[in-house]
Amino acid sequence: MVLFEAVLGGGEIWRHIASTTLTGYALNTVALLTIAAVLMLITAVPAAWLVTMRAFPGRGVFEWLLILPLAAPGYVLAVAYADLLGVGGPVQSALREATGWAARDYWFPPIKSVPGCAFVLASALYPYVYLTARAAFVSQSVCTLEAARSLGASPRRTFWRVALPAARPAIAAGLALALMEAAADFGAADFLGAPTLTVGVFRAWSSYGDVGAAARIAILVVALMLTLQWIERRQRGQAGSAATSVRWRPLARERMTGLAALGASAFCAGVFLIGFALPVGRLIWVALETAPTSPPLGEHVRNSLVLAAAGASVAFVLALSAALLGRGDRPSGRLANTIVAAGYATPGAVLALGALALAVLLPGGLAGGAAIALLVWTYAVRFTAAGAAPIEAALRRAPASLGHAAQSLGAGPIRRTLQVDLPLALPGAAAAALILFVETLKELPATFMLAPYGWDTLAVRAYTLASDERLAAAAAPSLLITLAGLGPVILLSWGLARARPGAPGA
Amino acid sequence: MSYAAITLERITRRYKGRAVVEDVDLTLPPGSVTALVGASGAGKSTLLRLIAGLEAPDAGEIRAGDEVLSSPTRLVPPEKRGVGLIFQDFALFPNMTALENVRFGLADLPREAADAQARAWIDRLGLAERAGAYPHQLSGGEQQRVSIARALAPKPRAVLMDEPFSGLDPSLREEARAAALGAVAASGAPALLVTHDAEEALSAADQVAIMHGGRILQTGAPEAVYCAPADPVSAAALGPVNRLPGGDPTTAALAAAAGAPAGADLFVRPEGVLIASDGPVEAMVETSARTGPLRTLRLRAGEIALRAVGPPDSAPKAGDACRIALDPHAVILFGPTSR
């Protein structure tokens, strides 16, 4: 649909955008992704190495604390940091009090800028890199590391020459995934004044009302996303073949002492504070401070729950079907996987644009029921892949011989799916349902563009309040979203601890 | 119920242009176990998958009696084929009890009849107490017996076993093998046992087929193939064998004494190397180790290293010198094309 609009779309406003702001959008996107990538690499990779390979005070706690930022969407961190680091915020106030300067006497790095936005998104998304790097370090063969040490390589040389090159594909895959999220982000980039291509799609639609122009920018975004997705899949393929030794032993963590141990603890604590504790703590503080005066949220909570339940249900059925179809190497399964993956690679703003273009064709236009149906459809397209992943993982854990056994015992495809594959998929299905519910709950741009009047969700509420600079009022809905997001993150970290080769019960 | 033989005729299967199974002819007679022996990568498992219908041949035909099961143009799907599979990992459905696993293949019967038959199979394999247990509650040996009951319950027209005993403890293996193959033989269906364990093939099968590089090199009764292999690879597939190069003076002396032709490579199994005080050649005992009921010796005679066996107490010890001869009936000769 977006493609269709792009080809036929009107010319005047497109030429205007192309000649004035398109280059800016593209440059901002590149700059944002570059800075965010560097920030994520220099924090997530060392943190992952420390918690897997070294013993220092707090290591076991940091191992899962460092995942928590996944619970807070980018725009929530953006709201928190805009408040923390803004001119009127506690940091700059304290600075002025300490020095006696006035607001214009000093330079403070502005949070409302492209680097500021990169910083916020890196804080929110580094766990993707941390998780894949950690998984790679955990699953590397202890034998190769011990071989390197026995051949006279120092720990430093072992890291740079053996461990890091072996983990490189996994790290690159995680980075590509994080950058996909960053490029698709709308809330933080728009709020922090970093007009990227995704923001451009939205603006072409909202300011100029030109769906065709928006669609042309959207094509650039989708091309960028598909490139990142291609990199991710390619690297993940290499990561899979990298394991050469299949003998697992518990990692013998090297004990750190003195200053080094203190430094390691401080580094991990710093990453956690910046990524989660400081901004979320600030939100709690503000929300409690303003609780008596802040507007009620009951209606938004209800809207969020209803829409998330509807979107998650549809996406869940699709995800389960796609995962079951994808079992075995049938063409229908491959096609389903490709479609699902393409949906995941398309930012919410772009999907919403496609839905809007569809709505024009509807007799009643974008009226209540139709709008909600389109919104639910958008959620399903966007998130089915996220739900299919845990189900596929559950199915992959079962050996192929189970399917062959069922076939040899006379079970046709339908009986096999219902009696053998479906029960195998169920452990993953619970996680899938939770992930889908929370992803839908957190979704901002599509909800903002499509939800009819009176259907504002918590995410939309937080965003509109923040856009009106009512940061204190935005704290409560932001917190509620983060709270909901903690569920799947805790589930994830629990699953990770159990999935480690060599761990008891694994 | 009478069973028909499974016949494979000129079966070929290629992956990306490379033949992993090439021009294979094989007959599985009813009521007997055929062991398919070969190193890993020889194409054994692919051949099994072809018979099960999990893969289609690129050329050739698989028949049950006169009925064509597989050909490049016709493939009876696995679920319509009635071929029982027994896997190395047992492949029990984790969400079903032992009884439910066995009943899975009896879906065509009315509920009561299916229940009764499944229970009868469970009983026959000595699992009556464990019928309600889930796979993770069963021991390895019990899991395997469930997988055998499950495969046999629907009265398959053939039973295919892919290294079914290699997942078991060595101490359990022999007993499990006896129980499994006893049940399979009693069913009367033709059976194929894929294995890389020479001893298992020799002791448990009625017929062995040696597979190497995608081809079947030799088929025959186990003892016949062991004593008269068609080529050096078949010889090695069923147990250790000594090779004495033709041009060597030690070989010449041993050959002359055993009445074997001069100048040819000689092959002889360890039990064909005799420790004899009147032997033509002197050998040094490099190692001598008790390996079960017998002692295994590693000897050096001139340039040649030899493996021999001897009685546990009277056989020479490491560092001894002894004289050796070849048992004339144990010498294996191959044609001039042999490697």
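Residues numbered from 1 in each chain as written. Chains lettered and ligands numbered in written order. Predicted model: local features only at pLDDT ≥ 70, side-chain atom pairs only at ≥ 80, totals over all residues.

Draft legend 1. Structural detail: the overall build of chain B. Of the regular secondary structure elements, chain B holds 10 helices and 18 strands. Expressed as lengths along the three principal axes of its C-alpha atoms, the size of chain B is roughly 75 × 45 × 35 Å. Residues counted as buried form 43% of the 339 residues belonging to chain B. Here the analysis covers contacts within chain B between residues at least 6 apart in sequence; of these, 66% occur between residues at least 24 apart. (Helix = DSSP H or I, 4+ residues; strand = E, 2+ residues; numbered from the N terminus. Buried ≥ 20, exposed ≤ 12 C-beta atoms within 10 Å, placed from the backbone. Contact = placed C-beta atoms within 7 Å.)

Draft legend 2. Spotlight on the environment of Arg 396 of chain A. Locating Arg 396 of chain A in the fold gives a position in helix H17 (residues 368–397). The spatial distance from the C-alpha of Arg 396 of chain A to the C-alpha of Ala 425 of chain A is 9.1 Å, given a sequence separation of 29 residues.

Draft legend 3. Spotlight on the nonpolar core. Val 129, Ala 133, Val 201, Leu 353 and Ala 462 of chain A are the most contacted members of the largest nonpolar core, which has 245 residues in total. Excluding anything up to four places from it in sequence, Val 201 of chain A contacts Ala 214, Ile 217, Ala 218, Val 221, Ala 349, Val 350 and Leu 353 of chain A. Counting 24 residues, the second-largest nonpolar core is a separate cluster that includes Leu 244, Leu 266, Val 285 and Leu 326 of chain B. (Core = buried A, V, L, I, M, F, W, Y, C linked by C-beta atoms within 7 Å.)

Draft legend 4. Fine view of the interface of chain B and chain A. Listed as interface residues are 17 residues of chain B and, on the opposing side, 13 residues of chain A. Those elements that provide at least two residues to the side of chain B that touches chain A are helix H2 (78–81) and strand E6 (83–86) of chain B. The leading source of residues in the side of chain B that touches chain A is E6 of chain B, at three residues. Of the residues that constitute the side of chain B that touches chain A, the class distribution is 11 nonpolar, three polar and three charged. (Nonpolar A, V, L, I, M, F, W, Y, C, P; charged D, E, K, R; others polar.)

Draft legend 5. Quick peek at the sheet that holds strand E11 (residues 242–244) of chain B. One open sheet holds the three strands; their spatial order is E11-E12-E18 (chain B), and the pairing between them is antiparallel. Two strands in the sheet have a free side with no partner beyond their single neighbour: E11 and strand E18 (331–332) of chain B. (Pairing = 2+ DSSP bridges.)

Draft legend 6. Geometry of the pairing of strand E7 (residues 158–162) of chain B. Residue and element names in this part refer to chain B. With five of its five residues buried, E7 lies for the most part within the structure. Alternating positions in E7 separate into two faces, Ala 158, Leu 160 and Asp 162 on one and Val 159 and Met 161 on the other, with burial throughout. In this sheet, E7 lies alongside E6 in parallel orientation, the contact comprising four bridges. The partner of Ile 86 across the bridge, within E7, is Met 161. Across four bridges, E7 lies against strand E8 (residues 191–195) in parallel orientation. Its bridge partner being in E8, Met 161 is matched across the sheet by Leu 193. In this region the chain leaves E7, passes through helix H6 (residues 170–187) and returns to the parallel neighbour E8; the handedness of that crossover is right-handed. (Right-handed = clockwise from strand over helix to strand, strands pointing away.)

Draft legend 7. Geometry of the packing of helix H3 (residues 22–53) of chain A against helix H13 (residues 258–290) of chain A. Residues and elements named next belong to chain A. Between H3 and H13, the least distance of the axes is 10 Å, while the angle of their chain directions is 130°. The orientation of H3 with respect to H13, classified from their angle, is oblique. H13 is crossed by H3, and the crossing has left-handed handedness. Seen from H3, the contacting residues are Thr 43, Pro 46, Ala 47, Leu 50 and Val 51; seen from H13, they are Ala 264, Phe 267, Cys 268 and Val 271. Classifying every residue of the contact of H3 with H13 gives eight nonpolar, one polar and no charged. (Axes fitted to C-alpha atoms, helices over the stretch in contact; angles between N-to-C directions. Parallel < 35°, antiparallel > 145°, perpendicular 65-115°, else oblique. Left-handed = near helix turned anticlockwise from the far one by under 90°.)

Draft legend 8. Structural context of the environment of Ala 388 of chain A. Following the sequence through the fold, Ala 388 of chain A ends up in helix H17. Along the primary structure Ala 388 of chain A and Gly 263 of chain A are separated by 125 residues, whereas in three dimensions their C-alpha atoms are 40 Å apart.

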